Amino acid sequence: MTGCHSSEVFPCGAVCNFVVHDKCMRTVVSPCSSIAPTLVKTPSAHCWSEPGHHRRKHCNVCRKKLEDAWAIRCEVCEYYAHVECGDFSVPNCKNSATYQPGTTLDTVMQEHHWREGNLPPNSKCAVDKKTCWTGECLAGLRCEWCGMTVHATCTDKVPPACNFGMFEHILLPPASVSIPRTEVPMEAIIGLQMRRKDALSPRSISEEFSCGDCKRETSEAPPAKEKSKDKEERDEEVVKVFDGNSSLRRRMFRTISISRTATTAEFLTIALRAFHIPRESRDCYLSDAYSAEEVEIQDPLPIAKLTRRDGKRPAVFLRFREKDNPSGKIRVYPGKLGVTATTDLTVLSVTSETIVDDVIKQSLERFGLPEARPDEYSLMEVILDKGVSERHMDPTEQPWELLKAVGRDSIRQMEMTRFYLQQKKDPHGSSVALFVGNLPPNLSQRQYEIILTDFLAPLSKFESIGPIYYEYGSMVITYTDSEVAVRAFYTLRESCHEDKTLLVMMLPNIQPKLVPEGVQPLLVFVNVKSGGCQGLELVSSFRKLLNPYQVFDLENGGPLPGLYVFRHVPRYKILVCGGDGTIGWVLQCLDNVGQDSECESPACAIVPLGTGNDLARVLRWGPGYTGGEDPINLLKDVIDAEEIRLDRWTVVFHIDEKSDDKQPVTNASGAGGTTSEDNTQIFVMNNYFGIGIEAELCLDFHNAREENPNKFNSRLHNKGVYVKMGLRKMVSRKLCKDLHRLIRLEVDGKLVELPPLEGIIILNILSWGSGANPWGPEKEDQFNKPNHWDGALEVVGVSGVVHLGQIQSGLRSAMRIAQGGHIRIKLNSEIPVQVDGEPWIQNSGEVVVLKSALKATMLKKTSKSRLQRRNTEPSVVINASQLQVHVKDQIRPDPASTTQF
């Protein structure tokens, strides 16, 4: 849109509210929303969010401001729409998996994917450096991949190749990703939960889309003082329009306001516009929905003759003239053919006798493949209404008869139906992997196979099982038949075992050979339960800035699905968005899958979403993400970060034989240890290990959070609970009083005499309890300067609750006790302990802390000036030699179409 606001303007003649000066019409490149879906060559469905409010945004369908209206947004791209406009959205989400067999890095070219409007404030055109955004209308274009912003009239001056902008070195190239060719939606593959309910269909909750026979006349009736309106307004009638039998069954319709003196032709034209149907009106007709017998309306002034029921508005059907159209035309597009087609679209004339085999033969000739064997290709029916639905057609089906049958149910669906020619062989390959979780942990492979076989009894058995993550009760099963895999996917997703619904995900595949040299894709894990709603916002932002297939929600299977997908990538990085427990969870899963992965120790960065965030503080990622930091800046910091080693330690608990066996209490993140047959428990420690009063407070907090998890969604509230529990401990019975008499400490084989204390903390990093440093500032003593890669641990003591509070407030340091690489502790009674914030009551026995053979490579944020992070809009530099003005008759890229292949 050009942003014209004077009185001498021309509105769009259809439904999109596009307004432009007459002199500016030659610069218009945006298609009307009524035809925009038909211009999309490679449709990709949007992943809609829940309805909400999005201020300072415009609807990409009707082009109006969203303001306070309920609206939805795509979780993958910058597409916004009113709830009532969602049905008419253009299915041109960015295509994130475009792998083609036989493709090489030399032949891959990613084109820009332009999205109109809703640009970041102060966006500048990459061509003329002038402002290309406005808050008043949809204006300017932005590439969904590289972030380049330009005027609509400047796109012909931009080179077609997209280099992914500032995130080129961490973005997973779409050409390297393949997904199975199935009916499973994208949401199921990226793990996005569908929050938009069918009951909240756009046509049922708005003024324009009314559902059923709800009597709105009472609320819509004009007040008495408005009854003196002019004659034209009083002579209007509100009519319900059904576009087919399906809309009548679902009680879904579109309401239109029409003059009572309107002719049948005018009535028909308005009805077609109401459903955004650009078809010629001579191919359609209207019929009275409430008449005893459905016949075509032919009266010159039909409004007054419509059947009216008590308390209901008149209603009509919008129908396609089947009898007058024994033949017609269908649109056939080239799908994944393995070669480049000579044209992007062919229109074929068909009759009721034309079958799919005939269409395949004609299409191969039109696409420049006359020598190809028709039996190696298939025809796919694709409907773009309300997303993208696909179906493989049988060779004997009749496309024109199919279209007419679709038209009886919905004439809009008929208009949005097209056909794709593609190879029968799936580019993804014959292997389809399903990740299955929520099964009991630590069973044998045979037991897991029996459980899955019972659920899948009517279907063919999976081809293989593995890897199996025994500790988590999760595994990957593989099918060679995609149709059987889809049925297994839906069967398992509805299955329960031991009152737990199975977690099932269909996994994408990455081709490492198509990841360019120098690119280290960033594997992003987001714990949406951390930091209130901040995790939900981050996962959506990262899916838009990167490839959505490299962003994983830890609520769906944890880190294991993402690590499995990236198992063949030789070099990549990890970004963990969560607290210290989430980081430990990811590192533990890396330990389990490391031997099966090409990259054994990927470097990990952190976005701190937890309460303490001690490891994030040490690595300079900050005390906690507040939501004010731009996700673009977070990714920039990851790119600039430096690799650093983190020592990890094994904590072994040997329980006395006379003691009762008690299992440690761990949270749902899976950070607990393993237990051997001799009651030996083994944990991996990354941050610290506590015994005594500090662990007792941690246990009380853990139990309170387990009882009321919904109350612990604020970092400030969590710290307040810690303070209250500490005050209670000051006046209550002290379980850890005289701890120095209940334990025996050895460091590097030497017995250490303990002073009077109530707690011991063994530190691997110099941050504890939300940023406190128990070791204290550097001073002259017998100890070496500590760090988290020196192969040594620091042992400090705490005299009581007051001392703990003083340490956390920075008033005092803990008592320095010892420093070493091998620690042995004898517990003479039951004592609270905690490893990296996971607390429990430990029976009497022996504890050994020793250097682990497991490695962890972390990313430490560099100390660059934060002033360099103020500009939130990606800066795009184009060489002058690249800005070549093309010939005048070149067609500008269409912002409604997806990237061309």
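## Regarding the overall build of the chain
Link 1 in the chain: In terms of helices and strands, the chain carries 19 helices and 43 strands.
Link 2 in the chain: For the chain, restricting intrachain contacts to residue pairs at least 6 apart in sequence, the fraction spanning at least 24 positions comes to 72%.
Link 3 in the chain: Accessible surface, the chain: about 40800 Å² in total, of which carbon and sulfur atoms supply 49%.

## Description of the side chain of Ser495
Link 1 in the chain: Secondary-structure assignment places Ser495 in the loop between helix H11 (482–493) and strand E21 (496–497).
Link 2 in the chain: For Ser495, a relative accessible area of 10% gives the class buried.
Link 3 in the chain: Among residues more than four places away in sequence, those in contact with Ser495 are Phe455, Lys500, Thr501 and Leu502.

## A closer look at the sheet that holds strand E18 (residues 432–437)
Link 1 in the chain: Pairing within the open sheet is antiparallel, and its four strands lie in the order E19-E20-E18-E23. Two strands in the sheet have a free side with no partner beyond their single neighbour: strand E19 (464–469) and strand E23 (503–506). Each strand axis lies, on average, 20° off the axis of its neighbour in the sheet, ignoring direction.
Link 2 in the chain: By the bridge criterion, five bridges tie E18 to strand E20 (residues 474–479) in an arrangement that is antiparallel. Its bridge partner lying in E20, Phe435 is registered against Val476.
Link 3 in the chain: Against the sheet, helix H10 (residues 445–455) engages E18, E19 and E20, with an angle of about 120° to E19.

## Description of the sheet that holds strand E9 (residues 236–242)
Link 1 in the chain: Strand order in this open sheet of four strands is E10-E9-E12-E11, and the pairing throughout is mixed. Of all strands in the sheet, those with a lone pairing partner are strand E10 (254–259) and strand E11 (284–288), marking the two edges. The mean inter-strand angle of the sheet, taken between neighbouring strand axes irrespective of direction, is 40°.
Link 2 in the chain: Sheet analysis places E11 next to strand E12 (residues 315–320), joined by five bridges and oriented antiparallel. Among the inter-strand pairings, Cys284 is bridged to a residue of E12, identified as Phe320.
Link 3 in the chain: Lying on the sheet, helix H6 (residues 264–274) is in contact with E9, E10, E11 and E12; it crosses E10 at an angle near 150°.

## Considerations on the packing of aromatic side chains
Link 1 in the chain: Summed over the entire model, instances satisfying the criterion amount to 15 aromatic pairs.
Link 2 in the chain: When the centroid spacing of 5.1 Å and the interplanar angle of 80° are considered together, the rings of Phe489 and Tyr490 count as edge-to-face.
Link 3 in the chain: Given a relative accessible area of 0%, Phe489 falls into the buried group.
Link 4 in the chain: On the basis of relative accessible area, Tyr490 is assigned to the partly exposed category, the value being 27%.
Link 5 in the chain: In this structure, Lys94 packs its charged tip against the face of Trp145, placed 4.5 Å from the ring centre.
Link 6 in the chain: The ring centre of Phe253 lies 5.0 Å from the NZ or CZ of Lys240, which sits over that ring.

## A short note on helix H12 (residues 534–545)
Link 1 in the chain: With twelve residues, H12 should cover 16 Å at 1.5 Å per step; its first-to-last C-alpha distance of 16 Å lies within 8% of that length.
Link 2 in the chain: Judged by how many residues are buried, H12 sits mostly within the fold: nine of twelve residues are covered.
Link 3 in the chain: Turning to H12, its buried residues are Gln534, Gly535, Leu538, Val539, Ser540, Phe542, Arg543, Lys544 and Leu545.

## A few points about the confidence of the model for the chain
Link 1 in the chain: The predicted model of the chain has a mean per-residue pLDDT of 82, with 82% of residues at 70 or higher.
Link 2 in the chain: Note that pLDDT drops below 50 for residues 865–901; the model gives that stretch 80 contacts with residues more than four away or on any other chain.

## A closer look at the packing of H12 against helix H16 (residues 631–640)
Link 1 in the chain: The N-to-C vectors of H12 and H16 enclose an angle of 70°; their axes lie 10 Å apart at closest approach. In terms of orientation, H12 and H16 fall into the roughly perpendicular class. When you trace H12 past H16, the crossing you get is right-handed. In this structure, H12 uses Leu538, Ser541, Phe542 and Leu545 to contact H16, whose residues at the interface are Pro631, Ile632, Leu634 and Leu635.
Link 2 in the chain: By residue class, the composition of the contact of H12 with H16 is seven nonpolar, one polar and no charged.

## Let's talk about the pattern of salt bridges
Link 1 in the chain: In total, this model carries 32 salt bridges according to the counting rule given.
Link 2 in the chain: Measuring nitrogen to oxygen at the nearest pair gives 3.8 Å for the salt bridge that ties Arg446 to Glu449. Taken together, the residues Arg446 and Glu449, both in helix H10 and three residues apart, mark about one turn of the helix.
Link 3 in the chain: Given the relative accessible area of 13%, Glu449 is considered buried.
Link 4 in the chain: Linked through salt bridges whose partners overlap, the residues forming this network are Glu237, Arg260 and Arg308.

## Notes on the pairing of strand E37 (residues 793–798)
Link 1 in the chain: Within E37, six of the six residues are buried, leaving the element largely enclosed by the surrounding structure.
Link 2 in the chain: Burial along E37 is two-sided: the residues Leu793, Val795 and Gly797 and Glu794, Val796 and Val798 are all buried.
Link 3 in the chain: For strand E36 (residues 759–763) and E37, the ladder comprises five bridges, and the chain directions are antiparallel. When the bridges of E37 are listed, Leu763 appears paired with Glu794.
Link 4 in the chain: When E37 meets strand E38 (residues 815–820), the two strands line up antiparallel, connected through five bridges. Pairing of Val795 across the sheet is with Ala818, part of E38.

## Focus on the nonpolar core
Link 1 in the chain: Judged by nonpolar contacts, the single largest core of 139 residues is most densely connected at Val150, Ile477, Phe542, Ile574, Leu575 and Met858.
Link 2 in the chain: No other element matches the seven residues that helix H14 (residues 580–593) contributes to this core.
Link 3 in the chain: Here Val150 is in contact with Trp114, Cys125, Ala126, Val127, Cys132, Gly140, Leu141, Thr155 and Val158, once residues within four sequence places are set aside.

## So, unusual backbone geometry
Link 1 in the chain: Cis geometry is found at the peptide bond from Gly466 to Pro467, where omega equals 5°.
Link 2 in the chain: Here Pro467 lies in strand E19.
Link 3 in the chain: At Asn122, a position not held by glycine, the phi torsion is positive, near 65°.
Link 4 in the chain: Along the chain, Asn122 turns up in the loop between strand E5 (114–116) and strand E6 (141–143).
Link 5 in the chain: Within the chain, Arg251 stands out as a residue other than glycine whose phi angle is a positive 55°.
Link 6 in the chain: Looking at the secondary structure, you find Arg251 in the loop between helix H5 (245–249) and E10.

## Let's talk about the pairing of strand E15 (residues 377–383)
The two faces of the sheet receive side chains in turn, since in a regular strand these alternate between them.
Link 1 in the chain: With seven of seven residues buried, E15 is to be regarded as a mostly interior element.
Link 2 in the chain: Neither face of E15 is exposed, since Tyr377, Leu379, Glu381 and Ile383 on one face and Ser378, Met380 and Val382 on the opposite face are all buried.
Link 3 in the chain: When E15 meets strand E17 (residues 417–423), the two strands line up antiparallel, connected through seven bridges. Bridge pairing in E17 links Ile383 to Thr417.
Link 4 in the chain: Strand direction decides the pairing type here: E15 and strand E16 (residues 389–392), joined by four bridges, are antiparallel. Note on E16: the bridge partner recorded for Glu381 is Arg391.
Link 5 in the chain: Between E15 and E16, which pair antiparallel and follow one another directly, the connecting turn spans five residues, one of which, Lys386, has a positive phi of 60°.

Cut-off values and rules
Residues numbered from 1 in each chain as written. Predicted model: local features only at pLDDT ≥ 70, side-chain atom pairs only at ≥ 80, totals over all residues. Heavy atoms only, no water. Helix = DSSP H or I, 4+ residues; strand = E, 2+ residues; numbered from the N terminus. Contact = heavy atoms within 4.5 Å. Areas by Shrake-Rupley, 256 points an atom, 1.4 Å probe, with all protein chains shown as cover. Buried < 20%, exposed > 50% of the residue type's maximum accessible area, 1.4 Å probe, protein only. Pairing = 2+ DSSP bridges. Axes fitted to C-alpha atoms, helices over the stretch in contact; angles between N-to-C directions. Phe/Tyr/Trp six-rings, centres within 6.5 Å; stacked < 30°, edge-to-face > 60°. Lys NZ or Arg CZ within 6 Å of the ring centre and 35° of its normal. Expected span 1.5 Å × (residues − 1). pLDDT = per-residue confidence, 0-100. Parallel < 35°, antiparallel > 145°, perpendicular 65-115°, else oblique. Left-handed = near helix turned anticlockwise from the far one by under 90°. Nonpolar A, V, L, I, M, F, W, Y, C, P; charged D, E, K, R; others polar. Salt bridge = Lys/Arg side-chain N within 4 Å of Asp/Glu carboxyl O. Core = buried A, V, L, I, M, F, W, Y, C linked by side-chain atoms within 4.5 Å.

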